[in-house]
Amino acid sequence: MKLSEEKLTKLIKKMINVIKPNGVLDIEFRLVPLGIRDDEFYMEIKYIVPDDSPLLNMGKSPRSFNDIRMGWNNEIKKSIKNYFNTDIIINSSGVSSESYHNKQKEK
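So, a few notes on the structure that sits alongside this text. The structure displayed is predicted, hence computed values, not measured ones. (Residues numbered from 1 in each chain as written. Predicted model: local features only at pLDDT ≥ 70, side-chain atom pairs only at ≥ 80, totals over all residues. Heavy atoms only, no water.)

1. Points about the pattern of salt bridges
- Evaluation of the coordinates by the stated rule reveals four salt bridges.
- With a closest N to O distance of 3.7 Å, K10 and E6 form a salt bridge. Remark: E6 and K10 occur in helix α1 (residues 5–19); sequence separation between them is four residues, near one turn of the helix.
- Looking at E6, the relative accessible area reads 56%, which means it is exposed.
- The shortest N-O distance in the salt bridge between K81 and D87 comes to 3.1 Å. (Salt bridge = Lys/Arg side-chain N within 4 Å of Asp/Glu carboxyl O. Helix = DSSP H or I, 4+ residues; strand = E, 2+ residues; numbered from the N terminus. Buried < 20%, exposed > 50% of the residue type's maximum accessible area, 1.4 Å probe, protein only.)

Listed below in structure tokens is the structure:
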């Protein structure tokens, strides 16, 4: 199924509300077409977590944090492929506290 970038973004937003991991308040993302095929996109992801989330304090053990984040990324990629037959390359992902995210949105 070939979907426009706009339509795919709307569908992914709905899907993410259902599959977002426990402890994640919201997931913001941006799709960028690869330009080679209509069904391939780069994706930038930001996981928004509560200010007191243990994920924000995992800097002392970055390996476990990266494992968690990569697991989330893989689940999103797999779900998009299965539901929308679209390939996603996640070129960046990160975690942000809710308060920091809200301050950045105000700018």
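Don't stop here, the text continues.
2. Things to note about the sheet that holds strand β2 (residues 40–49)
- Spatially, β1-β2-β3 is the arrangement adopted by the three strands of the open sheet, whose pairing is mixed. Sheet topology places β1 (26–33) and β3 (87–97) at the edges, where each strand pairs with a single neighbour. Strand-to-strand twist across the sheet, computed as the mean angle between neighbouring axes with direction ignored, equals 15°.
- Direction of pairing for β1 relative to β2: antiparallel, over a ladder of eight bridges. Among the inter-strand pairings, F29 is bridged to a residue of β2, identified as I45.
- Lying on the sheet, α1 is in contact with β1 and β2; it crosses β1 at an angle near 155°.
- This element, helix α3 (residues 98–106), spans β1, β2 and β3 of the sheet and lies at about 105° to β3. (Pairing = 2+ DSSP bridges. Axes fitted to C-alpha atoms, helices over the stretch in contact; angles between N-to-C directions. Contact = heavy atoms within 4.5 Å.)

3. With respect to unusual backbone geometry
- Here N85, not a glycine, exhibits a phi torsion of approximately 50°, which is positive.
- On the secondary structure map, N85 appears in the loop between α2 (62–84) and β3.
- Note on N85: relative accessible area 39%, which makes it partly exposed.

4. A look at α1
- Taking 1.5 Å as the rise per residue, α1 with 15 residues should run 21 Å; its terminal C-alpha atoms sit 20 Å apart, in good agreement.
- Every buried residue of α1 is listed here: L8, T9, I12, M15 and I16. Buried residues of α1, seen end-on, are gathered within an arc of 130° and therefore sit on one face of the element. In α1, the exposed positions that point more than 90 degrees away from the buried face belong to E6, K14 and V18. (Expected span 1.5 Å × (residues − 1). Arc of directions from axis to C-beta.)

5. Concerning the nonpolar core
- Ranked by internal contacts, the top residues of the largest apolar core, which has 22 residues, are I12, L31, M43, I45 and I80.
- Put simply, the parts of the chain that give this core at least two residues each are α1, β1, β2, α2 and β3.
- Setting aside chain neighbours within four positions, we find I45 in contact with I27, E28, F29, N73, I76, I90, S92, S93 and G94. (Core = buried A, V, L, I, M, F, W, Y, C linked by side-chain atoms within 4.5 Å.)

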